[in-house]
Amino acid sequence: MITPYDAALRLRQREMDDMRVSISAEVAQVIALDGHRDAIDTTVQTEIALAAQHAFPADAFVARMRAERASLCHQRAICDARLSGLRAQAIEAYGSLSAIGAAADRHRADTLRAAAIMEQSQIDDFSAARFTRTLAAARRLRAERDDRA
């Protein structure tokens, strides 16, 4: 059954779908940044161990990797902030979607209830008309009998 809320409901559902895609993209970005950070940590540990075996200094490499890691952590913090904002928007949009869905359900229920009431009224009218016809026929028969007697 079509309701006046269907267009708004479809619009909100599309917005939710778009938000899901955006949230998934941000989560993928965070995972990629975490993976790159972990790779830097592993590389630094490996290079320090290798440099120690051959008595080479690894300070410049370690400093460069720390700077790159700090940059990745900063980018991750930005992604986390965007992700939190997207999640807050998704919660608000879901609440709106739920409210519109509830309104559409109430409209359907009210429409079905009104149709059922109208149908019952029609049935009651038909029953009353049949009862009235039967009663009138019975009165006519009684009046005819009384006239003959």
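Residues numbered from 1 in each chain as written. Predicted model: local features only at pLDDT ≥ 70, side-chain atom pairs only at ≥ 80, totals over all residues. Heavy atoms only, no water.

## Re the overall build of the protein
A count of helical and extended segments in the protein gives two helices and zero strands. Computed over the C-alpha atoms, the radius of gyration of the protein is 38 Å, more than 25% above the 15 Å expected from 2.2 N^0.38 for a compact globule of 149 residues. When its C-alpha atoms are laid out on the principal axes, the protein stretches across 140 × 25 × 15 Å. Out of the 149 residues belonging to the protein, those deemed buried represent 18%. Intrachain contacts of the protein at a sequence separation of at least 6 include 90% that bridge at least 24 residues. Between the averaged position of the 21 positive side-chain charges in the protein and that of its 21 negative side-chain charges there is a distance of 9 Å. (Helix = DSSP H or I, 4+ residues; strand = E, 2+ residues; numbered from the N terminus. Rg over C-alpha atoms; globule rule 2.2 N^0.38 Å. Buried < 20%, exposed > 50% of the residue type's maximum accessible area, 1.4 Å probe, protein only. Contact = heavy atoms within 4.5 Å. Lys, Arg positive; Asp, Glu negative; His and termini not counted. Charge placed at Lys NZ, Arg CZ, Asp CG, Glu CD.)

## Re the environment of Arg113
Checked against the element boundaries, Arg113 lands in helix H2 (residues 59-148). Residues Arg113 and Leu33, spaced 80 residues apart in sequence, show a C-alpha to C-alpha distance of 56 Å.

## Considerations on the packing of helix H1 (residues 6-54) against H2
In a pair of packed helices, the angle between the axes and the distance between the axes together describe the arrangement. Taken N-terminus to C-terminus, the directions of H1 and H2 make an angle of 160°; their axes are 8 Å apart at the nearest point. It follows from the interaxial angle that H1 and H2 lie roughly antiparallel. When the axes of H1 and H2 are compared, the crossing they make is left-handed. Split by residue class, the contact of H1 with H2 holds 24 nonpolar, nine polar and 14 charged. (Axes fitted to C-alpha atoms, helices over the stretch in contact; angles between N-to-C directions. Parallel < 35°, antiparallel > 145°, perpendicular 65-115°, else oblique. Left-handed = near helix turned anticlockwise from the far one by under 90°. Nonpolar A, V, L, I, M, F, W, Y, C, P; charged D, E, K, R; others polar.)

## Some thoughts on H1
Over its 49 residues, H1 extends 72 Å from the first C-alpha to the last, a length consistent with the 72 Å expected when each residue adds 1.5 Å. Of the surrounding elements, those touching the buried residues of H1 are H2. Ala55 sits one or two positions beyond H1 and adopts a positive phi of about 60°. (Expected span 1.5 Å × (residues − 1).)

## With respect to unusual backbone geometry
In the Ramachandran plot, Ala55 falls in the positive-phi region, its phi being about 60° despite a non-glycine side chain. Topologically, Ala55 is positioned in the loop between H1 and H2. According to the relative accessible area criterion, Ala55 is exposed, its value standing at 68%.

## Structural notes on the side chain of Thr3
Within the secondary structure layout, Thr3 lies in the segment before H1. Among the polar contacts made by the side chain of Thr3, one reaches the side chain of Asp6 at a distance of 2.7 Å. Leaving out residues up to four positions away in the same chain, Thr3 has contacts with Ala104, His107 and Arg108. (Polar contact = N/O pair within 3.5 Å; in protein donor to acceptor, adjacent residues only side chain to side chain.)

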